[in-house]
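Fold and geometry: a report
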Amino acid sequence: MEVTHTVPATTVGPASRRSALSARVRGPVLRFRDAARERMEALPFDYPPAVIVGADLALLVITVAAVVQRHSYFPNPLPLIAMFTAFLPLPLFAIFGVKPHPVLLKLSGMASCALFMIQPVPADFAPFVLVIVAGEVAAIAPRGLTIGFSLLAIAQLVAFDLAGYLQWGASGERLDGLPMYVLGILLGTFAGVMLQYQRRFLYQERENQAIRAVRAADEERRRIAREVHDVIAHSLSITLLHLTAARRALQTDDDVTEAVDALVDAERLGRQAMADIRRTVGMLDTQPARIAPEPSAADIDELVGDFRRAGLTVDFVRTGDLAAVEGAVGHALYRIGQESLANVAKHAPGAAATVRLDVGAEAAAMVVTNALPAGPPARRDTGMGLRGMRKRTELLGGTLSVGPGDDGWTVRVEFPLKGGGCPGFSTVLPGLLRTKPQEDM
């Protein structure tokens, strides 16, 4: 049994035909638009496409007006040839990839204006072609080419006016409309020069922003390096003291309990150091995260206690109200005290240290002293610890002095407090009024 299926014919309505036609037309238009945008972006002038299109539209309006003015000369094709000559750089660039050099723009503009003025008309729009081209040349050309083209354009207008081809009114008097055309060329040149200067300033601003970004990144790296150095130096110094105490307890007294206590303290400090390092490295993360608070002046008591438990003899004296010390100053005092006590444990093992923190109405000062170790004088260098202390002090407008004194090796730092009246010139100009610091031990 044979079965035949009949497929109904589909009827294409007017709406479907219009949409199909629109799609066929839209495709080439979009491709042309994308190609034109790519071409404009490939131009070496770095102007927004709107500026380039605006200049071309202004030139199109001028040339169309000049062609319409010469309707009495039709069917002579000279006005149309002049109009095509004005836009000659466009097909050369779009088809052959010839970039619109300033010389090419000048030649095409002057040739187009000359072809127009061969057929004179009253109140001619053709010289305004030179106004538009003068602005385009001034926006992309060096100063010499800009001035040269302006003078050539003015000379061309003077020559055509003297020859009787440049008419302004019905009387046909010579040099009647020339001042207006010359003023237009000068204004076009000034507009192009302003665009070029704006582009140069934009380049300079971009370079300055890049330099500022690099400097900010370098400063951030140095700050993180200071933080990591302070944390590691402090934790390793105290850990080594605890390990030394544990070793001596086992070697001399066979005191396991004391050794275990020392190892427990070393483990605690190691974990604390790891947490500090994680917090510091976490500053590099771009995602928001909960960051633990930085140590402040109130934590100096605990800092001294860590060194005491590690076996370092530290005498701590504090005067004043710590509430008057803001966060940045308190953090700097903590880090400088941390670095100073770590240096005592490193360079003068067994020596007693004294830490004195005085908080007044206008300034907060801290002095860390220790007896000088026996033997040759310590080598003066500029290690990262000293550089970090100096940088912290400079950023907050304080003063720092490091070196041997009557009481031994002394680290003295002082920061002005914001709540203490007028900060004075030492806060405003710390680099000028800061005394020269001595070297670290």
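Figured I'd write up the structure that's included with this text.

Cut-offs and rules
Sequence order as written defines residue numbering, which begins from 1 separately in each chain. Residues qualify for local features only when their pLDDT is at least 70, as the model is predicted, and side-chain atom pairs are given and counted only at 80 or more; totals for whole chains, interfaces and linings, by contrast, use all residues. Here the side-chain values reflect all heavy atoms present in the structure, with hydrogen atoms and water set aside. For the exposure calls, accessible area comes from a 1.4 Å probe over protein chains only, and a residue counts as buried if that area is under 20% of its type's maximum, exposed if over 50%, partly exposed in between. Runs of E in the DSSP output that reach at least two residues are strands. Runs of H or I that reach at least four are helices, and both are numbered from the N terminus. Pairing between two strands is assigned when DSSP locates at least 2 bridges connecting them. Handedness of a crossover is defined as follows: orient the strands so they point away from the viewer, and if the path from the first strand over the helix to the second runs clockwise, the crossover is right-handed. The angle between two axes is taken between their N-to-C directions and runs from 0 to 180 degrees, where each axis is a line fitted to C-alpha atoms and a helix contributes only its stretch in contact. In what follows, a contact means two residues having at least one pair of non-hydrogen atoms within 4.5 Å. Angle categories are assigned with fixed cut-offs, so that under 35 degrees is roughly parallel, over 145 is roughly antiparallel, 65 to 115 is roughly perpendicular, and the rest are oblique. Handedness of a crossing is defined here by the sense of rotation of the near helix relative to the far one, left-handed for an anticlockwise turn of less than a right angle and right-handed for a clockwise turn. Side-chain classes are defined by residue name, with Ala, Val, Leu, Ile, Met, Phe, Trp, Tyr, Cys and Pro counting as nonpolar, Asp, Glu, Lys and Arg as charged, and the others, Gly among them, as polar. Pairs were defined over the aromatic rings of Phe, Tyr and Trp, the Trp ring being its six-membered one, requiring ring centres within 6.5 Å. Orientation was assigned from the angle between planes: stacked under 30 degrees, edge-to-face over 60, tilted for the rest.

**So, the pairing of strand β2 (residues 353-359)**
- Side chains A353, V355, L357 and V359 of β2 all project onto a buried face; the interleaved residues T354, R356 and D358 project onto a face where none is buried.
- With 6 bridges joining them, strand β1 (residues 314-319) and β2 adopt parallel strand pairing. The partner of V314 across the bridge, within β2, is A353.
- Read as a crossover between parallel neighbours, the route from β1 over helix α11 (residues 327-347) to β2 is left-handed.
- Note: β2 against strand β3 (residues 363-370), 7 bridges, orientation antiparallel. Each residue of the ladder has a partner; that of A353, found in β3, is N370.
- In textbook terms, the turn of a hairpin is the stretch between consecutive antiparallel strands, and for β2 and β3 this stretch comprises 3 residues.

**Topic: the sheet that holds β1**
- If you trace the 5 strands from one edge of the open sheet to the other, you get β1-β2-β3-β5-β4, paired in mixed fashion. Only two strands of the sheet have a single neighbouring strand rather than two, namely β1 and β4 (399-405). Going across the sheet, the axis of each strand differs from the next one's by a mean of 10 degrees, ignoring polarity.
- In this sheet, strand β5 (residues 408-416) lies alongside β3 in antiparallel orientation, the contact comprising 8 bridges. Looking across to β5, one finds that A364 is bridged to F415.
- Of the strands in this sheet, β1, β2 and β3 are in contact with helix α10 (residues 300-309), which crosses β1 at around 170 degrees.
- Strand contacts of α11: β1, β2, β3 and β5, with the helix running at about 175 degrees to β5, the strand carrying the most contacts.

**Considerations on the packing of α10 against α11**
- Running from N to C, α10 and α11 cross one another at 15 degrees; their axes reach a closest spacing of 10 Å. Looking at the two axes, α10 sits roughly parallel to α11. Between α10 and α11 lies a crossing whose hand is right-handed. Residue-level inspection shows I300, L303, V304 and F307 of α10 in contact with α11, the latter providing L333, Y334, G337, Q338, L341 and A342.
- Split into classes, the residues belonging to the contact of α10 with α11 amount to 8 nonpolar, 2 polar and no charged.

**Comments concerning the packing of aromatic side chains**
- This structure, assessed with the given rule, holds 4 aromatic pairs.
- Centre to centre, the rings of F128 and Y181 are 5.6 Å apart; their planes meet at 75 degrees, and the pair counts as edge-to-face. Of this pair, F128 sits in helix α6 (residues 128-140) while Y181 sits in helix α8 (residues 178-253); the two residues are 53 residues apart in sequence, bridging distant segments of the chain.
- The exposure class assigned to Y181 is buried, which follows from its relative accessible area of 1%.
- Centroid distance Y197 to F201: 6.2 Å. Interplanar angle 35 degrees. Geometry classified as tilted. Remark: F201 and Y197 occur in helix α8; sequence separation between them is 4 residues, near one turn of the helix.
- Clustering of aromatic rings is evident, with ring pairs tying together F125, F128 and Y181.

Such coordinate-based values are descriptive only and should not be taken to indicate function.
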